[in-house]
Amino acid sequence: MKRLLLGVALSAFAANSFAQTQADYEDTAEADAENSADFNSNEIVVTADRIGYSTRDELTAPVTILTEVEIRNRNQAYVTDLLRTVPSLAVSQSGGGGSLTNLRLRGSEANHTLILIDGVEVNNPTDGAFDFGGLRSDDVVKIEVLRGEQSALYGSDAVGGVINIITRSGEVREGFSASVEAGSRETLEGQFSGVVPLGNAALSINGNAFTTEGYDVSGLGGEKDGADSRRLSVGLNQIELAGITFSANGAINLRHTDFDGDTDFDGLLNNTDSETDVKTTTARIDARFDFAGFDHLVQSNMVETETDTQSGFPTVSTGTRQNASWAAKRSFSGRHDLTLLGEVEREEYELAGDPDVPDIYNYGLVADYSYKGETLTLTGSVRQDINDVFADATTWRVGAGYNFSWDGRVRGSVGTGVKNPTLVELFGFFPASRFTGNPDLKPENSLGYSIGYEQNVGDLTLSADYFRSELEDEITTVFNPDFTSTVINLSTDSTREGIELAAQWDIADTVYLSGSASFLDSDQDGIEEIRRPEFLASATATWDATDKVSLTVNADHTGSQLDTNFGTFSTVELDSYTLIGANVRYAVSDIVSIYLRGTNLADENYQEVFGYASEGRGVFAGVRADF
């Protein structure tokens, strides 16, 4: 019966058409140029709405925004290194650049945060997580991180929050850029980006190629474990046809990574010739139009992640997600907004040599309301998810914010989150792994609240947020004495709570400071959970010394954390560490600039995952042209 709904259901998991939202905003901004912020600034947020945008002082949940200027100033090669600035976000990287990299937001699991790239959810349908290992930052123009339960808008996966990564694929303004970089560990990277106007429409093409010789991730002094990647994205934006605005984009990312495996199962890495190839393909098309007093967004997208791992247990797996959605939004009296959304989603995964290709369907209905007054903001969302394999779920979220006359704002929200069992957890993995799936799993459910305050004092902005979440029916792996394993729902709760502090200060026209600090407590039935540092901090300082020279220095600190030694299945403690980086840029002309960038300048010896050696000091030089 549920599958019959596929023919009439209209939707999926898709975010805003960024290019069209930008066009909408700029049309409004032209009428109020004096009071309007630039769309790419940290004042405009698209992730909190399924259609359109909100301003920062209208949100009822905390958000971190990295603008293109901030991204360029830090000039870090990987998106994960940029995300170290986000409060309560911990990075777990299994080796050097290009290796398996997971994030945990607000103490949640790696597959509890929904990741969007150019409007497409890219979490791997197989295990529910997104591997950030091959995601370079060259063509990224903005990153928004909305923290806290967001399942009422986005459905499964949005327990810890939503990370929205926006690239030049959605750009509509004419422009071209190219860069080349070389440096430590025989690293070489090249990038090209171009936006070509086609009447009122625009064609964007973005390409990136990267290679590095790497280092021995086992720390035994053996062969080096390198990586390389290739990415190409194409976007066609703002095509006007019969009152409908169409946009589309597609991207393909190829990544190869060498790594070392634990061949004798003692919990420590051995020098091996293991390697992984990952091919990720995404596509999205959407249509935007007005009808019957509503603003409509119809969208379809897909992601396919093919992973070929050659090590002790060679596997080739392919996870696919297909989505289609219809959202309609109407504003009343200039203060009230109502959004209605319907969506359908299909996920499947395939293992080479296995004739079975299991799949699951999900159908969602959403109602989202907001009141945006001069000083008061009220929000409320409710979502019903209908699943064909496991239990249906209802999620909700309510929030409020108030702007005081002294340029301060208080905000708070409470809501629920849901994480559906993954395809591997339901149906198992390849037989040699001795892992058996559990078709009787229930979705994980979270109830959380957050309250915060933000104060502006001239050019200084300070914020503080407290959050607490309770996770029920957490899915965990159980290892049996015969070396087989499976997954079950725990009967005890997981608790995550913490305090997030952030500051941004434009001291002068040429000096800018920003920083954050987070204090986190995450435990399962009173036992501290692994890979959740109790303390995180980040600081960035930029000095525009002259019109041609700028210097940025950053420090990202990760406190001590627990991990598991899988050789003995015992808990170990990983030491705290601080990564210091710097970037100096010189503008040769209005078009060409050169830069020198340093990473891990203190040459810290650290581990983010037990057994994996760290990447040492690195120095890189590059040239960039924007025209």
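Residues numbered from 1 in each chain as written. Predicted model: local features only at pLDDT ≥ 70, side-chain atom pairs only at ≥ 80, totals over all residues. Heavy atoms only, no water.

*Asks:* What is the right way to look at the overall build of the protein in this model?
*Replies:* Summing up its helical and strand segments, the protein has 5 helices and 36 strands in all. Taking 2.2 N^0.38 as the reference for a compact globule, 627 residues should give roughly 25 Å; the C-alpha atoms of the protein span a radius of gyration of 23 Å, in line with that estimate. Principal-axis analysis of the C-alpha atoms places the extent of the protein at approximately 70 × 65 × 45 Å. A total of 627 residues make up the protein; the buried ones form 56% of that total. Look at the contacts in the protein between residues 6 or more apart in sequence, and 61% of them connect residues 24 or more apart. Roughly 25400 Å² of accessible area belongs to the protein as shown, and the carbon and sulfur atoms make up 58% of that amount. Computed over 44 positive and 98 negative side-chain charges, the separation of the two mean positions in the protein equals 3 Å. (Helix = DSSP H or I, 4+ residues; strand = E, 2+ residues; numbered from the N terminus. Rg over C-alpha atoms; globule rule 2.2 N^0.38 Å. Buried < 20%, exposed > 50% of the residue type's maximum accessible area, 1.4 Å probe, protein only. Contact = heavy atoms within 4.5 Å. Areas by Shrake-Rupley, 256 points an atom, 1.4 Å probe, with all protein chains shown as cover. Lys, Arg positive; Asp, Glu negative; His and termini not counted. Charge placed at Lys NZ, Arg CZ, Asp CG, Glu CD.)

*Asks:* What am I meant to see in the side chain of Gln150 here?
*Replies:* By secondary structure assignment, the location of Gln150 is in the loop between strand S8 (140-147) and helix H4 (151-154). Once residues lying within four places of it in the same chain are set aside, the contact partners of Gln150 are Ala61, Gly155, Ala158, Gly161, Val162 and Arg397.

*Asks:* What's the story with the pattern of salt bridges in this structure? I'm lost.
*Replies:* Pairs may arise between side chains of opposite charge once their charged atoms sit close together. Evaluated as defined, the whole model comprises 40 salt bridges. The salt bridge partner of Asp626 is Arg72, with a shortest N-O separation of 3.7 Å. One end of the pair, Asp626, is in strand S36 (residues 618-626); the other, Arg72, is in helix H2 (residues 68-74), with 554 residues separating them in the sequence. Residue Arg72 is classed as partly exposed on the basis of its relative accessible area of 25%. With a shortest N-O distance of 2.4 Å, Arg597 and Glu181 are connected by a salt bridge. With Arg597 in strand S35 (residues 592-599) and Glu181 in strand S10 (residues 175-183), this residue pair connects regions lying 416 residues apart in the sequence. Note on accessibility: Arg597 and Glu181 belong to one class, buried. Within this structure, Arg50, Glu343, Arg383 and Asp385 form a network of salt bridges that share partners. (Salt bridge = Lys/Arg side-chain N within 4 Å of Asp/Glu carboxyl O.)

*Asks:* Quick question: what am I supposed to make of the packing of aromatic side chains here?
*Replies:* The relation between two aromatic rings is expressed through the spacing of the ring centres and the mutual angle of the planes. All told, the structure shown has 13 aromatic pairs when counted by the stated rule. With 6.5 Å between their ring centres and 15 degrees between their planes, Tyr361 and Tyr363 make a pair best called stacked. Taking the relative accessible area as the measure of exposure, Tyr363 reaches 4% and is therefore buried. Over the face of the ring belonging to Tyr78 we find Arg136, whose NZ or CZ atom lies 4.4 Å from the ring centre. (Phe/Tyr/Trp six-rings, centres within 6.5 Å; stacked < 30°, edge-to-face > 60°. Lys NZ or Arg CZ within 6 Å of the ring centre and 35° of its normal.)

*Asks:* What is the right way to look at the environment of Asn456 in this model?
*Replies:* Among the secondary structure elements, Asn456 is positioned in strand S23 (residues 444-457). Taking relative accessible area as the criterion, Asn456 reaches 25% and is therefore assigned partly exposed. Considered as a pair, Asn456 and Gly194 are 262 residues apart in the sequence and their alpha carbons are 38 Å apart. There is a polar contact of 2.7 Å between the side chain of Asn456 and the side chain of Thr461. (Polar contact = N/O pair within 3.5 Å; in protein donor to acceptor, adjacent residues only side chain to side chain.)

*Asks:* Just checking my understanding: could you explain the pairing of strand S14 (residues 244-259) for this structure?
*Replies:* On any regular strand, side chains alternate: one points to one face of the sheet, the next to the other face. When strand S13 (residues 225-241) meets S14, the two strands line up antiparallel, connected through 13 bridges. Opposite Ala227, over in S14, you have Thr257 as the bridge partner. Connecting S13 to the antiparallel partner S14 that follows it, the hairpin turn spans 2 residues, and Ala242 within it adopts a positive phi of roughly 55 degrees. Where S14 and strand S15 (residues 274-291) come together, 15 bridges link them in antiparallel fashion. Looking at S15, one finds that Asn249 is bridged to Arg284. (Pairing = 2+ DSSP bridges.)

*Asks:* Can you walk me through the pairing of strand S5 (residues 101-105) in this structure?
*Replies:* Among the 5 residues in S5, 5 count as buried, and that is most of the element. Both faces of S5 are covered, namely the face carrying Thr101, Leu103 and Leu105 and the face carrying Asn102 and Arg104. Taken together, the 5 bridges between strand S4 (residues 89-93) and S5 define a ladder with antiparallel strand orientation. Residue pairing for S5: Ala90 is matched across the bridge by Arg104.

*Asks:* Help me out: how do you make sense of a negative patch on the surface in this one?
*Replies:* Residues Asp521, Glu528, Glu534, Glu573 and Asp575 make up a contiguous surface patch of negative charge. Take Asp521: it is sitting in strand S28 (residues 511-524). Residue class for Asp521 comes out partly exposed when judged on its relative accessible area of 36%. (Patch = residues over 30% accessible without salt bridge, like charges linked within 9 Å, V, L, I, M, F, W, Y side chains within 5 Å.)

*Asks:* What exactly am I supposed to notice about the sheet that holds strand S9 (residues 161-167) here?
*Replies:* Strand pairs in the sheet, formed through backbone hydrogen bonds, run parallel or antiparallel to each other. Reading across from one edge, S3-S8-S9-S6-S7 is the order of the 5 strands in this open sheet, with mixed pairing throughout. Whereas interior strands pair on both sides, the edge strands pair on one side only; in this sheet they are strand S3 (63-66) and strand S7 (120-121). Pairing geometry for S8 and S9, over 7 bridges, is antiparallel. Within the sheet, the bridge partner assigned to Arg147 lies in S9 and is Gly161.

*Asks:* Any chance you could explain unusual backbone geometry here in plain terms?
*Replies:* In this structure, Asp157 is a non-glycine residue whose phi angle is positive, near 90 degrees. Of note, Asp157 is situated in the loop between H4 and S9. The backbone of Arg531 sits at a positive phi, close to 60 degrees, despite the residue not being glycine. Looking at the secondary structure, you find Arg531 in the loop between strand S29 (527-528) and strand S30 (535-544).

*Asks:* Honestly, the nonpolar core in this entry has me stumped. Any pointers?
*Replies:* Val79, Leu83, Leu89, Phe132, Ile143, Ile163 and Ile165 are the most contacted members of the largest nonpolar core, which has 21 residues in total. Mapped by element, the contributors of at least two residues to this core are helix H3 (79-83), S4, S5, strand S6 (113-117), S8 and S9. Once residues lying within four places of it in the same chain are set aside, the contact partners of Ile165 are Val79, Ile115, Leu116, Ile117, Asp118, Phe132, Leu135, Val140, Lys142 and Ile143. (Core = buried A, V, L, I, M, F, W, Y, C linked by side-chain atoms within 4.5 Å.)

*Asks:* Looking at this structure, how should I read a nonpolar patch on the surface?
*Replies:* On the surface, a nonpolar cluster with roughly 610 Å² of combined accessible area is contributed by Trp543, Leu551, Val553, Ile580, Val584, Leu596, Leu601 and Val619. If you list the elements that add at least two residues to the nonpolar patch, you get strand S31 (549-558) and strand S34 (577-587). Mapped onto the elements of the fold, Ile580 is located in strand S34.

*Asks:* Please clarify how the environment of Ile451 should be interpreted in this entry.
*Replies:* Following the sequence through the fold, Ile451 ends up in strand S23. C-alpha of Ile451 to C-alpha of Ala400: the two residues are 51 residues apart in sequence and 9.6 Å apart in space. Ignoring sequence-local partners within four residues, the contact set of Ile451 consists of Arg411, Gly412, Ala464, Asp465 and Tyr466.

*Asks:* Help me out: how do you make sense of the environment of Val623 in this one?
*Replies:* The residue Val623 is located in strand S36 in this model. Sequence separation between Val623 and Leu596 is 27 residues; the distance between their C-alpha atoms is 9.1 Å. Apart from the residues lying within four places of it in its own chain, the contact partners of Val623 are Ala178, Ser179, Val180, Val592, Ser593, Ile594 and Tyr595.

*Asks:* What is the right way to read the side chain of Ser469 from this model?
*Replies:* Within the secondary structure layout, Ser469 lies in strand S24 (residues 460-472). On the basis of relative accessible area, Ser469 is assigned to the buried category, the value being 12%. Polar side-chain contacts of Ser469 include one of 2.9 Å to the side chain of Glu149. Aside from chain neighbours lying at most four places away, what touches Ser469 is Glu149, Ser446, Leu447, Gly448, Ser494, Thr495 and Arg496.

Just geometry here; none of it tells us what the structure is for.
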